[in-house]
Structures are given as structure tokens and as C-alpha cells.
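# A look at the structure
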Amino acid sequence: MSYQVPKGTQDILPSEIGKWHRLEELIRQFCYVYNYKEIRTPIFEHTNVFKRGNDSSDMVNKEMYTFQLENSATSLTLRPEGTAGVARAFVEHKLYGNADLPMKMYYVGPQFRHERPQKGRMRIFNQFGVEVIGAKSAMLDVEAIALGWSFVSALGLQDMKVLINTLGDDVSRAAYRKALKEHFKADIDTMCADCKRRYEQNPLRILDCKVDKDKDIMKNVPRMADYLNEESKAYFDEVLAGLDALGIPYEVDDRLVRGLDYYTHTVFEVVSVNKEMGAQSTVFAGGRYDGLVEYFGGPTSMSGIGWAMGLERLILACEAEGIELADEESLDAYVVCLSSSVRKQVLQLVTQLRAAGYSTDTDYLDRSFKAQFKTVARTRAKAAIVVGEDDIEKGSVTIKRVADQKKLEVKLEDIVEGMDTLFQEEACSCHEEGSKHE
């Protein structure tokens, strides 16, 4: 019997992990300069953290991995998204009492949805997300979008655009829902099952339908902009003015509603326009939410803004534009062992070098000298150290710098100092060459 990963999941192999490390490193750098602090919430939560009331989203109704403990009424769900868990933690730990609101947080980790697997859409996928809770400000909306836009720009992505819309406040949305129900009333029986459900739960979600999108009834849908009150219009205008001030290009998309019911006011998607991305072109997306903190028992009218970025989708976008996320890794030193009789001494040398911070490895299969030097090449080792019985007897070894074949003989106890000398020489040489080039 052969074993394979479950459908919709993947193994991230050692040869691929470098690009993930690069992304995670850059994530933390950007969040540091924007003053966002990391938060880590459980991989599973009580189901009602995600399944809130009459929720119309596909995520809640179709895609959640929910299980019940044996001999218990407790229902738990693997997190399908990050915002709800962060909002729950914000309330549970009374972070709303912080003197320096808003709380600016970010997370990196796996999410779980039972979707039809395809390119860029997995059942276990990883997200980088940000949440800012505790203040309602158009400039915070702009800052959140700017963080994500700056991040993808720093990676070198160019085939990107921002789609943005507003869902307005509660009063505006209520008027728009009424208009949509009237618009779809005569045709709803001819539409898909999801649209029929959304018609009763949240008719805004009909605009996101992929099945009936080409029907005539969808081509002349009322515009949200026509139902915004003055306060909602002013808020959205301020968001757009902030994006203009930062030079972030955008398109206003009247049909953009996003897939979760808790969004209010600003919603947005940043998508790749590269044809290699296909249907799964959204790289990160999110919006403002006004009622989520209150749902979890926190103060009323405590607003939040957030977005999530799929790392698998981000890697695909980089590949589509020919962007290499990580350099090929190399060892600092490889210790070639010429005899099994000196294995313990070799292990001591390897341990010394590792303790000093040098990435080091050696042979454990008693391979030939030639085979070990092939490993030196494959691992792109910067230095090779050959150790045999004669070297141990005289108490010294030779370090060879692979790039220029320069050799340095050092005592066994001075192995770290020898590596330091060679590497410092190399650094100085590179600096001199760089100065000449300049």
C-alpha cells in the first residue's frame, strides 16, 4: 500500500522551505516597522466563534471542518480564517482596556477549509494576516492596505492591482439589501441554490455568485454607491484620498462584497493580473468590521480592520513573474573524514564549528574521499576541511576555501579561529572588489 498526503494538502520539502523562510522573515520585518505585534491563537476554536447567527458565507455553510468530542456536547472547528479567533482573544483577554488603542496585530499560520482543491486553493493553506482593533479611522484602513501593498511590492511583484469598494454603515446596507431583494424578487426561483439561500440571509452575497454571474438579471444590479448615506460616502472618500496620497493605485469595483458577513464600510482585494494565475488571482483581501468585537462580548462600536494573504497564492504570483524568493542555501564548512578511526575527532571539530555559528556537516556513511568531495560541491560549501589519521597525529588540519582554493593550516584547537581568518579575508576581498567597481 502506498501512502500519499490527503487531497488538498501538500508537503513542503527541504528544497522548497527556503522561500517560506524568506517570506516569514520579510513578514516580521514589515510588521516590526509598522509596529504590529504577533498574536497566536489556537488552530481550533469553539464552532460558534465562526458560525455566528444567520451567516450566509460559503465558508460557514459548506467549508468548515467541524467535529464533536466523544461523549461531549462540545463542538469544535478547525479555524477557516484568522479574524474571528483574534477578535475572540481581544475580548477574552480584555485587550480593549489597553491605553494605546488600537491594538495592531498580525498572525502567520495554517487555516482549514473543505473546498474543491485546485491551483492556488488548498484545504490546508497558510495565511499572513493583520488585524487592527479598537479604532475606526479611514486612515487606518489606508495604513492596513499600504502595509500589504508595500509587502508585495518589496517582493518585486508588479502585475498587481487594488480593487476596493464600500459596503457602508448599517443604515446604508439595510437600504441596499432592500433594493437587492426587490431587484432579484421575480427571478430568484431561476437562480442557483446558493443564491436562493443568500436572498433570505444576505442578498449582498448574490453579487459574488459564480454560477449566475452571466445572467441578464446580474448585469443591471443596483449600485451600492446609490444607497450610501452622507456619512458612509464621506468615509469612503477619505479612504480613497489616503490611497491617492500614498500613490497606491486602485480601481473602485461596485460588485466587490467579499465572502464574509461581518464586513462593513471598506472592503478590498489585491489581485494579480498575470495570466499565469488563472482564476485564483487574489493575493490578499479584507475589510473593516464593526460588530465582531461586540459579538464576542466586548464593548459596542469597537471597530476593526484586517486582511489575510495566502502564502501559497503569493508564491504562485512570484513564480508567475519569475521572482526567486530564496537563494540556494550553502554550508559554511564540510569536514571530509578519511578514516573511521578519526570519527570522534571529526565530530568534535564539527561540534566546535557549529557552536561558533558556522553551518557545518560531515559524512556518516564511510564514503570515499571522492564521494565526499562531490557532497562538498552539492552543498556549495564555502570551506572544506580534510581530516585523516596523520592530521590527528600532528594535531593540525588544513582548511581550504573552495572559491579560490586558498589553504590555511591550523591547530585542531584553533579550528574556529582559522575559519574566522579565512572568512574575514574573503569579506575584505569582496569589499575591495566592490569599491573598485563603484
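Residues numbered from 1 in each chain as written. Predicted model: local features only at pLDDT ≥ 70, side-chain atom pairs only at ≥ 80, totals over all residues. Heavy atoms only, no water.

Turning our eyes to something else, we now look at the nonpolar core. Grouped together as the largest cluster of nonpolar side chains are 47 residues, with contacts concentrated most on F128, F151, W307, M309 and L314. Here the element with the most residues in this core is helix α4 (residues 138-154); it accounts for 10 residues. Excluding its chain neighbours within four sequence positions, the residues that come into contact with W307 are Y107, F128, G129, V130, A144, I145, L147, G148, F268, F284, A285 and G286. Counting 45 residues, the second largest nonpolar core, distinct from the first, contains I133, L163, I217 and M302. (Core = buried A, V, L, I, M, F, W, Y, C linked by side-chain atoms within 4.5 Å. Buried < 20%, exposed > 50% of the residue type's maximum accessible area, 1.4 Å probe, protein only. Helix = DSSP H or I, 4+ residues; strand = E, 2+ residues; numbered from the N terminus. Contact = heavy atoms within 4.5 Å.)

Attention now moves to the packing of aromatic side chains. Under the defined criterion, the tally for this structure stands at 15 aromatic pairs. Taking the centre distance of 5.5 Å and the plane angle of 65° together, the rings of F128 and F151 count as edge-to-face. Taken together, the residues F128 in strand β6 (residues 124-133) and F151 in helix α4 connect sequence positions 23 residues apart. With respect to class, F128 is no different from F151; both count as buried. With a centroid separation of 5.7 Å and an interplanar angle of 40°, the aromatic rings of Y176 and Y227 are classed as tilted. A residue pair is termed long-range when its members are at least 10 positions apart, and Y176 in helix α5 (residues 170-184) and Y227 in the loop between α7 (216-219) and α8 (230-246) qualify at 51 residues. A relative accessible area of 2% means that Y176 is categorised as buried. Of the residues examined, Y227 reaches a relative accessible area of 32% and is grouped as partly exposed. (Phe/Tyr/Trp six-rings, centres within 6.5 Å; stacked < 30°, edge-to-face > 60°.)

So, on to the side chain of S232. With respect to the secondary-structure elements, S232 resides in helix α8. Owing to a relative accessible area of 0%, S232 belongs among the buried residues under this scheme. Apart from residues lying up to four places away in sequence, S232 is in contact with G168, D169, S172 and H265.

Here we come to the environment of V342. Its place among the elements puts V342 in the loop between β12 (333-337) and α11 (343-355). Leave out the neighbours within four places in its chain, and V342 touches C337, V387, G388, E389 and I392.

Here we come to the pattern of salt bridges. For the structure shown, the criterion picks out 26 salt bridges. Put simply, R88 and E92 hold a salt bridge, and the shortest N to O gap is 2.9 Å. Here R88 pairs with E92, and both are found in helix α3 (residues 83-92), just 4 residues apart, close to one helical turn. By relative accessible area, R88 is classed as buried at 14%. Across the salt bridge formed by D332 and K382, the nearest N and O atoms sit 3.7 Å from each other. Residue D332 is located in the loop between α10 (311-320) and β12, and its partner K382 is located in the loop between α12 (369-378) and β14 (383-387); the two are separated by 50 residues in the primary sequence. Take D332: its relative accessible area is 13%, and that puts it in the buried class. (Salt bridge = Lys/Arg side-chain N within 4 Å of Asp/Glu carboxyl O.)

So, on to the environment of M64. Among the secondary structure elements, M64 is positioned in the loop between α2 (58-63) and β3 (66-68). Residue classification places M64 among the buried residues on the basis of a relative accessible area of 13%. When the C-alpha atoms of M64 and V91 are compared, they prove to be 23 Å apart, with 27 residues separating the residues in sequence. Excluding residues within four positions of it along the chain, M64 makes contact with T47, F50, K51, M59, T77 and P80.

Residues three or four positions apart in an α-helix share a direction because the helix packs 3.6 residues into each turn. The element α3 is largely enclosed, with a buried count of 9 among its 10 residues. Burial in α3 covers these residues: T83, A84, G85, V86, A87, R88, A89, F90 and V91. Of the residues one or two after α3, K94 is the one with positive phi, at around 55°.

Here we take up the packing of helix α1 (residues 17-33) against α4. Between α1 and α4, whose axes approach to 11 Å, the crossing angle comes to 140°. In terms of their interaxial angle, α1 and α4 are classed as oblique. Considering how the two elements wind past one another, α1 and α4 form a crossing that is right-handed. Contact residues: α1 offers L23, L26, I27 and F30, while α4 offers L147, S150, F151 and A154. For the contact of α1 with α4, the per-class residue count stands at 7 nonpolar, 1 polar and no charged. (Axes fitted to C-alpha atoms, helices over the stretch in contact; angles between N-to-C directions. Parallel < 35°, antiparallel > 145°, perpendicular 65-115°, else oblique. Left-handed = near helix turned anticlockwise from the far one by under 90°. Nonpolar A, V, L, I, M, F, W, Y, C, P; charged D, E, K, R; others polar.)

Turning next to the sheet that holds β12. Judged by pairing direction, the sheet is mixed, and its 5 strands sit side by side in the order β13-β12-β14-β15-β16 without closing on themselves. At either margin of the open sheet sits one strand with a lone partner, and together these are β13 (360-362) and β16 (406-411). Geometrically, the sheet is characterised by an average inter-axis angle of 25° between neighbouring strands, direction not taken into account. On the sheet, α11 packs against β12, β13 and β14 and is oriented at approximately 165° with respect to β13. The strands that α12 touches are β12, β14 and β15 (396-401); relative to β12, the one it contacts most, it runs at about 175°. (Pairing = 2+ DSSP bridges.)

The subject of this paragraph is the confidence of the model for the protein chain. Overall, the prediction assigns the protein chain a mean pLDDT of 91, with 95% of residues at 70 or greater. Contacts of residues 430-438 to residues separated by more than four positions or lying in other chains number 0 contacts, the stretch itself having pLDDT below 50. (pLDDT = per-residue confidence, 0-100.)

Another aspect to go through is the pairing of β14. Burial of β14 is extensive: 4 of the 5 residues sit out of reach of the surface. Of the strand pairs in this sheet, β12 and β14 are connected by 5 bridges, and their pairing is parallel. Residue pairing across strands places Y334 opposite A384, the latter belonging to β14. Sheet topology note: the β14/β15 ladder contains 4 bridges and is antiparallel.

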